[in-house]
Structure formats: structure tokens, C-alpha cells
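# Fold and geometry: a report
One-letter residues, chain by chain:
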2 protein chains.
Amino acid sequence: MERIAIDMDGVIADTTEQFFSFDERDFGKRRTLEEITGKPESVAFPRGKEYVRTKDFFRTAPVMKDSQNVLSALNKQYEMFIVSAATEFPLSLFEKHQWLQEHFPFITWQQMVFCGSKTIIDADIMIDDHFKNLDPFKGRTILFSQPHNLLLQSSKHQRVNSWKEVADILL
Amino acid sequence: MERIAIDMDGVIADTTEQFFSFDERDFGKRRTLEEITGKPESVAFPRGKEYVRTKDFFRTAPVMKDSQNVLSALNKQYEMFIVSAATEFPLSLFEKHQWLQEHFPFITWQQMVFCGSKTIIDADIMIDDHFKNLDPFKGRTILFSQPHNLLLQSSKHQRVNSWKEVADILL
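Residues numbered from 1 in each chain as written. Chains lettered and ligands numbered in written order. Predicted model: local features only at pLDDT ≥ 70, side-chain atom pairs only at ≥ 80, totals over all residues.

## Thoughts on the nonpolar core
Under the convention used in this document: Linking buried Ala, Val, Leu, Ile, Met, Phe, Trp, Tyr and Cys residues through C-beta atoms within 7 Å yields a set, and such a set is a nonpolar core. Put simply, a residue is buried when 20 or more other C-beta atoms lie within 10 Å of its own C-beta and exposed when 12 or fewer do; between those, it is partly exposed, and each C-beta is set from the backbone. C-beta atoms are first placed from the backbone for all residues, and any pair lying within 7 Å is then listed as a contact.
Ranked by size, the top nonpolar core spans 81 residues in total, and within it Ile6 and Val113 of chain A together with Ile6 and Val113 of chain B carry the most contacts. Once you skip the residues sitting within four places of it in the chain, Ile6 of chain A turns out to touch Val11, Ile12, Met80, Ile82, Val83 and Ile127 of chain A.

Structure below.
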């Protein structure tokens, strides 16, 4: 059974939408997709660095469309792990655990990994929205589209724009 | 540079001493080493399963003798990661992060991994007190002696009884 490592933020947790909504609350107007495309969240959203350290930012993030159904199916065909870079923000650790239990109750604690660097992860497939995680990975790499990575191209990583597309290639 | 994965509980955190002291507080008498040898903590200490879910159990665990000096040296010669099975006890995640920051301030968040199963860890060397973590590991395995593993023998894993012994073989 192939082992698959799936990222949280920007992949199953819609943290971009969470940034949009925190930012709109603070600045009174929703930014456009064009405005933030190609920029890291800490640049795209002036108070972004503060939001990720705010209580409940990760706990109340919306679920990415179709991710629950697709992960439920992947969980039957693959040895599935959720691998999230979380140790930079210690408060997020408990929140991410709770978020997974609420929205993905079929994922056990044995399948959760909260780390800093993902270079230590041994798997066959990785789904992530960051080149820094995909580039050093030895297995098959799937780049999940997010505004911050839309202007970057890669021949090594297969780009997907939705969980329906992931289902098409992996199920 | 070789990558080394080092366990927390029973290896750099003296959780056995923490069990002894919680147990003595509850039962009025310190158990002997003989009494607990060969038994998992949940059996050796009648309320052990409750302790690991108690606030501050992990946060206030003593530091294993000599571990700070040896890890500080290992950190210069190896790509070092702390890999702790923590997701079973979600409250422990933040506590373990804080504990590491207090007692091992030279360890960065990039070097921390909190997981459930360690089968996903890719490293050259693993130091752990549990056979379940060492057995499936592909690299070199070092078994850190703890009362629960003292009666078990293994030709695959190299047993060490202290951090001084680790220093002798790895530094």
C-alpha cells in the first residue's frame, strides 16, 4: 500500500479564505484574488503574521471543498498521513488536532504528524502547496494550487486545482 | 551529515521518574524498580493512564541526566530531530513544545516532530525506548534502557543505559 502525506494549511484547511476573512474584518473590504496572487500570505495580508498566532485562526479555518470525501476514499486505498508544519506556532498544535477530529473523524491520531521541516517525512506521495516541502521530497509530488504559488511553474511537481482533480489522478 | 531521530519520553524526558512521583503522591509510598521492571507504565502504575492525560504531566517531567550536554554536542555533528509520539494525548503537544524550549533552547521548531506512528520517519539513526518504534525503522537503532524494556532482548538494537553511553558511541 502506497504511503501518502497530505498537508493541512492551503490543502485541506482553507487558510487562504481564513486570511481573507480576518483581513476583511480588519480593513473593511475583501481583497481581490489578483491582489494576492504570487505573494506569500505574510505579504499579501498586512496583518498575516499576526493572524497565524491568533487563537482560533487554525481552529476555525474552513474545510477545503471536496477534501473530506476524497480523503475518506484515499484513506481506504493508501496508508494516509496528515503532515502539517505546525511547530512554528505552538498554539496551533492543539487547534489542528481538534480541527482534524471535528472535520476528519476517520483520521486517527496515529495518522497525524505535526512538524517543522518535512525533510524527515518518508512517503511515496506528497500533496502540498509549498515548493519548499515538495522540492526535497523523493517521491511523487502533487502541488495543490494556492494564490501564493500560482505564478510558479515546475516540471517536477504535478499541479492540481481542486480535490476533484486529486481524486481523478489518485483514486 | 547523518540524520538522527531522538525520542522524548523515557529518553530525554524522565517520564518514569514522573510516574514514580505522581504514583507516590497518590499511594503514599514509592514503588521499587523491581516492582515495575518489565511492565508498561499503564500496568506498573495503577493510575498511569490517567497521569498521561493530566495537565502538566509532560510539562513538568524531569530532564534525563546528561541529555542536555550530549544533545547539544550531537546537534553540531548530526542533523538532529526530536521525534515524539504525542498526538495520542493532544494536551501534551503544547506542553512538550514548551518543555523543549525550556530545557533544550538550542533545538529549533524546525527540528521538532510530534506524531503518532513513527513509521513515517526517515532518518539514519533512531534513539528510542520502545521496540514498536525501533523494529520497523530501517536505519541504525539504539534502545534506551527503561524499566519497561529491561527484560526484552534484541540483537537488532544496540542497548544503552545512559546518555554518557550514547556520547561514547555517537560523538
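Let us keep going from here.
## Considering the relation of the copies chain B and chain A
The test is simple: For the least-squares superposition of copies, only C-alpha atoms count, and only for residues with pLDDT at least 70 in both.
You can overlay chain B on chain A at an RMSD of 0.0 Å; the transform is a turn of 180° with a shift of 0.0 Å along its axis. Both chain copies can therefore be described as sitting about a two-fold axis.

## Observations regarding the interface of chain B and chain A
Which entries qualify depends on this criterion: For the purposes of this entry, the term helix denotes a DSSP run of H or I that reaches at least four residues, the term strand denotes a run of E that reaches at least two, and both are numbered from the N terminus. Charged residues are taken to be Asp, Glu, Lys and Arg, nonpolar residues to be Ala, Val, Leu, Ile, Met, Phe, Trp, Tyr, Cys and Pro, and polar residues to be all remaining types, Gly included. Strand pairing is assigned whenever DSSP identifies at least 2 bridges connecting the two strands.
The interface of chain B with chain A comprises 22 residues on the first partner and 22 residues on the second. Broken down by element, the side of chain B that touches chain A gets its largest block of residues, 5 residues, from helix 6 (residues 90-103) of chain B. By residue class, the composition of the side of chain B that touches chain A is 13 nonpolar, 6 polar and 3 charged. Two elements, strand 3 (residues 112-115) of chain A and strand 3 (residues 112-115) of chain B, share 3 bridges in a ladder whose sense is antiparallel. Paired with Cys115 of chain A across the bridge in strand 3 of chain B is Val113 of chain B.

## Re the environment of Ile36 of chain B
Position of Ile36 of chain B relative to the elements: it lies in helix 2 (residues 33-36). Considering only alpha carbons, one finds Ile36 of chain B and Leu91 of chain B, 55 residues apart in sequence, at a separation of 26 Å.

## Details of the domain arrangement of chain A
All names here are of chain A. Note the following rule: Annotation comment: domain bounds sourced from an automatic or database domain assignment.
Entries for chain A in the domain assignment read domain 1 (3-14 + 61-170) and domain 2 (15-51). Between the C-alpha centres of domain 1 and domain 2 there is a distance of 21 Å. Among the residues forming the side of domain 1 that touches domain 2, the class breakdown is 6 nonpolar, 3 polar and 2 charged.

## Some points on the pairing of strand 3 of chain B
All names here are of chain B. Rule in force here: The crossover handedness rule: strands pointing away from the viewer, path from first strand over the helix to second strand clockwise, crossover right-handed.
Judged by which residues are buried, strand 3 turns out to be covered on both faces: Met112 and Phe114 on one side and Val113 and Cys115 on the other are all buried. Where strand 2 (residues 79-85) lies against strand 3, 4 bridges are found, and the strand directions are parallel. Across the sheet, the residue bridging to Ser84 is Phe114, located in strand 3. In this fold, the crossover linking strand 2 to strand 3 by way of helix 6 has right-handed handedness.

## Notes on the packing of helix 5 (residues 67-77) of chain A against helix 8 (residues 163-170) of chain A
All names here are of chain A. Formally: Between the N-to-C directions of two axes lies an angle of 0 to 180 degrees, each axis being a line fitted to C-alpha atoms and, for a helix, fitted only over the stretch in contact. Working rule for angles: under 35 degrees goes down as roughly parallel, over 145 as roughly antiparallel, 65 to 115 as roughly perpendicular, anything else as oblique. For a crossing to be left-handed, the near helix must be turned anticlockwise from the far one by less than a right angle; the clockwise case is right-handed.
Look at helix 5 against helix 8: their axes get within 9 Å of each other, and the N-to-C directions meet at 20°. Taken as axis vectors, helix 5 and helix 8 run roughly parallel relative to one another. Crossing geometry of helix 5 relative to helix 8 is assigned as left-handed. Across the interface between the two elements, Ser67, Val70, Ala73 and Leu74 from helix 5 touch Trp163, Val166, Ala167 and Leu170 from helix 8. Here the contact of helix 5 with helix 8 is built from residues that sort into 7 nonpolar, 1 polar and no charged.

## Observations concerning the sheet that holds strand 6 (residues 158-160) of chain A
Overall, mixed pairing links the 12 strands, which are arranged 6(A)-5(A)-4(A)-1(A)-2(A)-3(A)-3(B)-2(B)-1(B)-4(B)-5(B)-6(B) in an open sheet. At either margin of the open sheet sits one strand with a lone partner, and together these are strand 6 of chain A together with strand 6 (158-160) of chain B. For this sheet, the mean inter-axis angle between neighbouring strands, taken without regard to orientation, is 20°.

## Notes on helix 6 (residues 90-103) of chain A
Counted only if it meets this: Multiplying 1.5 Å by the residue count of a helix minus one yields the expected span of that helix.
Along its 14 residues, helix 6 of chain A runs 21 Å from first to last C-alpha, staying within 8% of the 20 Å computed at 1.5 Å per residue. Among the residues making up helix 6 of chain A, those that are buried are Pro90, Ser92, Leu93, Glu95, Lys96, His97, Trp99 and Leu100 of chain A. Considering only its buried residues, helix 6 of chain A is in contact with strand 2 (79-85) and strand 3 of chain A together with helix 6 and strand 3 of chain B.

## Quick word on the environment of Ile121 of chain B
Examined against the element boundaries, Ile121 of chain B turns out to sit in the loop between strand 3 and strand 4 (125-128). Separated by 19 residues in the primary sequence, Ile121 of chain B and Arg140 of chain B have C-alpha atoms spaced 13 Å apart. When residues no more than four places from it in sequence are discounted, the contact partners of Ile121 of chain B are Ile120 and Asp122 of chain A together with Ala5 and Val83 of chain B.

## With respect to unusual backbone geometry
One non-glycine residue, Asp56 of chain A, lies in positive phi territory at about 75°. Within the element layout of this structure, Asp56 of chain A appears in the loop between helix 4 (48-51) and helix 5.

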